[in-house]
Amino acid sequence: RHGAVKNEDTFKTSPFHFDLWFYFTLQNWVLDFGRPIAMIILPLEWFPLNKPSAGDYFHMAYNVITPFLLLKLIERSPKTLPRSMVYVSIIMFVMGASIHLVGDSVNHRLIFSGYQHHLSVRENPIIKNLKPETLIDSFELLYYYDEYLGHSMWYIPFFLILFIYFTGCFTPVEEESRMPVPALLLMGPSSLYYWYLVTEGQIFILYIFTFFAMMALVMHQKRKGLVLDSNGLFLFYSFIITLVLIAVWVVWLWNDKILRKKYPGVIYIPEPWAFYTLHMNNFHAAKESL
C-alpha cells in the first residue's frame, strides 16, 4: 500500500542492489559522460547545428531514466523515508536537468564554431566581436542557466536524494557490514563518474558538505551500535575515492596558469572539458600538422 509505514525497529536486511547500482552507473557513463563525446564524434551532417544533437537525445533519456532509478532506490530502503521531500526533489531534479539540457546543447554546439571552454564568455574570440554588444549579455545569460541555475536545480536534489537514501543504510548486524564482490567491481566506475560530476559540474562545495554529513551520520549511528550495510558502504566508499581523485586532479593541474585564470579563488577545480579544449584540442591540431 502506498505510504505504508515500515517497522524501523526491526531493521530489515537490505541486500546489495547490484541491478540498480549497475544500471545507475551504466546510464551515468553512457547518457551523461557520453553525451558530449557522441556529439563530437558523430558526423555533423547527421545532426545539423540548428537541430538537436545525438548528445541532446542522450540527455533527454538521462532526464527520464535517472529519476526512475532514484525512485526505485528509495523504494528499496529498509526504512521509511520522507516521501514528500523525495518527490519534490525529483521534480526539482527534472526541472534542473531540463534547463541544463538546453543551455548545454547550445554551449557544446558552439565548439564547432571555435568556442573555447577554458575561456570566459566575454573572452572567447567568437563572442567578444559580436554586434550589437548586448548579444554578449544573452550568451552570458545562457551560460548562467547552464552552469549555475541548471546545475544547482539538478545537483542539489540529486545529492539530497542520495543522502536521504543513505540515512536508511544502517543495521545492527555486523555481518551485513561488508561489500560483496559485485560492489567492489562497481566502485571504481562509480567513483570515477562522481569525480567527473563534481569537477565538470563545479559542485565541490555541495559534494563535500554531503560527504561531511555522511561522516557525521556514520559516527552518530555508531554510538547507537549501528553500522553501514553493503549499500551504504558502497556509497560511502565511492565518495571517499572520489575525494582522492579530485585531489589528484587538482595537484596535477595546480600550476596551469591559463586554467588558474578561469578558476580563481581558494577552491581551484578545473572542468575536464575546459582542460580538453585547452590542451587536447591543441594536441590534436599539432598531430594533424605533422
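Calculation criteria
- Residues numbered from 1 in each chain as written.
- Predicted model: local features only at pLDDT ≥ 70, side-chain atom pairs only at ≥ 80, totals over all residues.
- Heavy atoms only, no water.
- Salt bridge = Lys/Arg side-chain N within 4 Å of Asp/Glu carboxyl O.
- Helix = DSSP H or I, 4+ residues; strand = E, 2+ residues; numbered from the N terminus.
- Buried < 20%, exposed > 50% of the residue type's maximum accessible area, 1.4 Å probe, protein only.
- UniProt positions renumbered as here; feature names shortened; annotations may be inferred.
- Phe/Tyr/Trp six-rings, centres within 6.5 Å; stacked < 30°, edge-to-face > 60°.
- Contact = heavy atoms within 4.5 Å.

Student: So what's going on with the pattern of salt bridges? Which residues, and what values?
Tutor: A complete count under the given rule lists seven salt bridges for this structure. For Asp19, the salt bridge identified is with Arg76, shortest N-O distance 2.8 Å. Taken together, the residues Asp19 in helix H1 (residues 18-41) and Arg76 in the loop between helix H2 (54-75) and helix H3 (83-109) connect sequence positions 57 residues apart. For Arg76, a relative accessible area of 35% corresponds to the partly exposed category. With its nearest N and O atoms 3.8 Å apart, the salt bridge here joins Lys261 to Glu123. Within this pair, whereas Lys261 is found in helix H9 (residues 257-262), its partner Glu123 is found in the loop between H3 and helix H4 (125-128), the two being separated by 138 residues in sequence. Residues joined by salt bridges that share partners form a network here, namely Asp32, Arg35 and Asp104.

Student: Residues and numbers for the UniProt feature "transmembrane region" (unreviewed entry) in the protein, please.
Tutor: Taken from the UniProt record, the annotation "transmembrane region" (unreviewed entry) applies to residues 20-42, 57-74, 86-103, 154-173, 203-220 and 232-254. With 65% helix and 10% strand, residues 154-173 has its two end C-alpha atoms placed 35 Å apart. Span residues 203-220 is 94% helix and 0% strand, its end C-alpha atoms 26 Å apart.

Student: Could you give me a rundown of the packing of aromatic side chains, with the residues and numbers involved?
Tutor: What the rule picks out here adds up to 36 aromatic pairs. Their ring planes at 80° and their centres at 5.2 Å tell us that Trp195 and Trp249 sit as a pair that is edge-to-face. Of this pair, Trp195 sits in helix H6 (residues 181-201) while Trp249 sits in helix H8 (residues 230-252), and the two are 54 residues apart along the sequence. Each member of the pair, Trp195 as well as Trp249, is classed as buried. Geometrically, the ring pair formed by Tyr207 and Phe239 is tilted, given 5.4 Å between the ring centres and 35° between the ring planes. Taken together, the residues span a long stretch of sequence, with Tyr207 in helix H7 (residues 204-223) and Phe239 in helix H8 at a distance of 32 residues.

Student: Please give an account of the environment of Phe239 that cites residues and values.
Tutor: Judged by relative accessible area, which is 0%, Phe239 ranks as buried. C-alpha separation for the pair Phe239 and Gln116, spaced 123 residues apart in sequence, amounts to 30 Å. Those residues in contact with Phe239 that sit more than four places away from it in its chain are Phe159, Leu162, Tyr194, Tyr207, Thr210, Phe211 and Met214.

Student: Explain the environment of Ser190 residue by residue, including any values.
Tutor: Mapped onto the elements of the fold, Ser190 is located in helix H6. The sequence separation of Ser190 and Ser238 amounts to 48 residues, and the corresponding C-alpha distance is 6.5 Å. Each residue touching Ser190, except ones within four places of it in the same chain, is listed here: Thr25, Phe234 and Ser238.

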